[in-house]
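Observations on the three-dimensional arrangement
The chain contents come next:
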Amino acid sequence: MAINWNSDKLNRHLNRIDGAIMAGRYNLALKLAHRSLKLCYSSYISSNNITIEQISPDNIRIMAIYICRHLMAHFRKYEIPYNERRLMFITLVSNVIFLTTMSVQSEDDYLADKATATYARENVNSIISYLMRYLA
């Protein structure tokens with residue numbers, strides 16, 4: 001399911017995450033952050049015809065790796081200077097959000113705190129804003 005990402009779509013997703021944080025529903029904020037990344041990554045993968053073999057559609061960790069590999073290949077092909085730290089940041093944050101979301105889903109007594117939810121929100125904004133530049 002490809003979603004056409006633009007600043008309005010991003011702001012709607014961020015407003016939902018902000019609403020969950022303001023209501024003290026930090027687990028929900030993490031799930032919404034995960035969902036936002038999943039939708040953006042799916043859109044990026046489908047719009048750039050990236051082939052991914054045998055992964056769960058919810059696995060944003062693997063999606064992030066394939067996206068970063070695709071971006072690195074693109075940058076090298078066109079000799080565009082790029083920051084490797086930025087691409088590593090995408091995979092690192094995706095991994096943290098994925099693992100935290102899995103903890104939220106598997107343990108009823110796991111409670112995320114405001115700092116974790118805010119971390120997820122800010123990084124989702126940063127990642128999706130960055131990827132929107134490269135969505136075909």
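The numbers attached to residues start from 1 for each chain and follow its sequence in the written order. Local features in this predicted model are restricted to residues of pLDDT 70 or higher, and side-chain atom pairs are both shown and tallied only at a pLDDT of 80 or more, whereas totals for entire chains, interfaces and linings draw on every residue. Each side-chain value is worked out from all heavy atoms of the structure, with water and hydrogens disregarded.

**Some points on the state of the cysteines**
Here, a disulfide means two cysteine sulfur atoms that sit within 2.5 Å of each other. Per the stated rule, a full pass over the model turns up zero disulfides. Cys40 forms no disulfide, and the closest cysteine sulfur to it belongs to Cys68, at a distance of 12 Å. When accessible area is computed with a 1.4 Å probe and restricted to protein chains, residues below 20% of their type maximum are described as buried, those above 50% as exposed, and intermediate ones as partly exposed. Under the relative-accessibility criterion, Cys40 is labelled buried at 0%.

**So, the nonpolar core**
In this structure, Leu37, Tyr41, Leu71, Ile90 and Leu131 are the most contacted members of the largest nonpolar core, which totals 39 residues. When contributions to this core are tallied by element, the ones reaching two or more residues are helix H1 (7–22), helix H2 (26–47), helix H3 (60–77), helix H4 (84–106) and helix H5 (114–132). Numbering of helices and strands starts at the N terminus; helices are DSSP runs of H or I of at least 4 residues and strands are runs of E of at least 2. Of all the elements, H2 adds the most residues to this core, at 10 residues. Note on contacts: a residue pair is in contact if any heavy atoms of the two residues lie within 4.5 Å. Look past the residues within four positions of Tyr41 in its chain and what remains in contact with it is Ile60, Met63, Ala64, Ile67, Ile90, Ser94, Ile127 and Leu131. Only buried residues count toward a nonpolar core, which is a set of Ala, Val, Leu, Ile, Met, Phe, Trp, Tyr and Cys residues joined through side-chain atoms within 4.5 Å.

**As for the confidence of the model for the protein**
As a per-residue measure, pLDDT tells how confident the predictor is, with possible values from 0 to 100. Mean pLDDT for the protein: 90, with 93% of residues reaching 70 or above. At the level of individual helices and strands, the protein shows its lowest average pLDDT in H4, which scores 90, and its highest in H1, which scores 96.

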